[in-house]
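# Remarks on the overall topology
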Amino acid sequence: MKSGDSATTNFGDELSITRSKRHLPPSHYMLKIESYSILSETVEKYESGVFEAGGHKWRLSLYPKGNKKMNGTGHISLYLAIVETENLPLGWEIYVNFKLFVFDQIQDKYLTTHDADDSSIKRFHDMKTEWGFTKFLPLDTFNDVSHGYLVNDCCLFGVEVFVHKHSAKLECVSMTKKPDNCTLTWKIENFSALDEESYSQEFTVADSQWKILVYPKGNSNGKAKAISVYLCSCNCLLSDLKYFAKFKLRIRDQINKNHVENTAKHWFSKSLKAWGFSKFLLLENLNDASKGFLVNDTLIVEAEIMAVSNIKLFA
């Protein structure tokens with residue numbers, strides 16, 4: 001391989017791996033072996049000392065003549081292993097992106113070996129504590145002095161380990177049609193004494209909380225012309241999530257049963273937590289006793305939620 005080249009290779013049962021060279025040394029651990037020929041004749045497997053990376057303990061596992069049990073004959077086999085897992089919680093999982101290295105002493109560069117998919121992340125767990133490459137490097141290539149990996153019977157391996165911290169939250173959203181207890185009836189007595197902006201009591205529909213908001217003399221385009229009625233999400237006050245509702249707002253006709261109602265749908269948010277109608281009912285009709293909306297200074301306002309989102313967050 002020429003300086004600056006990279007290549008993707010496939011060795012039978014081994015996944016495709018990418019090899020490239022760089023000057024930058026491995027970030028986390030290096031293993032220098034002197035008298036490599038004696039080591040390879042003496043031991044089948046060499047385990048490095050323990051090092052720490054990403055808050056966990058690791059070591060390198062080197063098979064100088066290949067891991068024969070994994071069909072690695074004729075190659076160097078090199079793996080990253082997690083150790084000291086006794087104190088990890090039951091069912092632990094650690095996601096890792098790692099690279100393995102061998103030093104080219106002639107070019108003064110490190111041969112970097114990793115999966116062909118550079119973003120590949122390996123899952124370490126109690127049933128799989130070791131990942132790496134059974135066919136890390138062919139022995140013919142490694143032993144050829146012209147490649148610079150084994151010079152004066154000395155070589156240098158290395159590893160970089162990047163642990164992906166699990167801090168993601170899970171948002172689960174579902175939609176419910178015709179939820180139970182979906183109608184809030186707000187009977188407002190002494191309506192004439194109502195504040196310019198008034199809220200009903202809080203009510204719960206499908207695990208979300210809501211209120212009715214009334215402007216007795218209107219707001220926005222309906223100010224001094226009509227009563228304004230809105231549905232207000234209480235959940236949005238303390239959350240950055242959005243909450244959906246398809247709903248109907250109603251003012252009851254207490255005499256003729258000719259109720260006035262309007263339907264809307266909206267995604268409620270912290271910046272827009274109320275939605276409804278600024279011109280819900282003209283004040284002249286509201287105050288007309290024959291219309292039946294205001295009886296004995298009592299007004300009945302309802303909110304009926306016909307569909308609603310259910311949102312839960314899990315750490």
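Conventions used here
- Residues numbered from 1 in each chain as written.
- Predicted model: local features only at pLDDT ≥ 70, side-chain atom pairs only at ≥ 80, totals over all residues.
- Heavy atoms only, no water.
- Buried < 20%, exposed > 50% of the residue type's maximum accessible area, 1.4 Å probe, protein only.
- Helix = DSSP H or I, 4+ residues; strand = E, 2+ residues; numbered from the N terminus.
- Pairing = 2+ DSSP bridges.
- Core = buried A, V, L, I, M, F, W, Y, C linked by side-chain atoms within 4.5 Å.
- UniProt positions renumbered as here; feature names shortened; annotations may be inferred.
- Patch = residues over 30% accessible without salt bridge, like charges linked within 9 Å, V, L, I, M, F, W, Y side chains within 5 Å.
- Areas by Shrake-Rupley, 256 points an atom, 1.4 Å probe, with all protein chains shown as cover.
- Salt bridge = Lys/Arg side-chain N within 4 Å of Asp/Glu carboxyl O.
- Lys, Arg positive; Asp, Glu negative; His and termini not counted.
- Charge placed at Lys NZ, Arg CZ, Asp CG, Glu CD.

The element strand β6 (residues 56-63) is largely enclosed, with a buried count of six among its eight residues. Judged from the two bridges that link them, strand β4 (residues 46-47) and β6 form a sheet pairing that is antiparallel. Within β6, the position partnered with glutamate 47 by the bridge is serine 61. Hairpin geometry of strand β5 (residues 51-53) and β6 is characterised by an intervening segment of two residues between the two adjacent antiparallel strands and by a positive phi of about 65° at glycine 54.

Trp58, Phe142 and Phe157 are the most contacted members of the largest nonpolar core, which has 34 residues in total. If you look at the next biggest cluster of nonpolar residues, it comprises 33 residues, including Val229, Phe247, Leu286 and Leu294.

Let us now look at the pairing of strand β12 (residues 154-164). Look at any regular strand and the pattern is simple: side chains alternate between the two faces of the sheet. The buried fraction of β12 is high, at nine of 11 residues. Where strand β3 (residues 29-34) meets β12, six bridges bridge the pair, whose relative direction is antiparallel. Its bridge partner lying in β12, lysine 32 is registered against leucine 156. Sheet topology places strand β8 (residues 93-104) next to β12; eight bridges connect them, and they run antiparallel. Residue pairing for β12: asparagine 97 is matched across the bridge by phenylalanine 162.

UniProt marks residues 26-161 and 181-305 with the feature "domain: MATH" (unreviewed entry), using the numbering shown here. Helix and strand shares over residues 181-305 are 3% and 51% respectively, and the end C-alpha atoms of the span are 9 Å apart.

All right, on to a positive patch on the surface then. Residues Lys177, Lys178, Lys246 and Lys265 make up a contiguous surface patch of positive charge. In this fold, lysine 265 is placed in strand β20 (residues 260-268). Taking the relative accessible area as the measure of exposure, lysine 265 reaches 59% and is therefore exposed.

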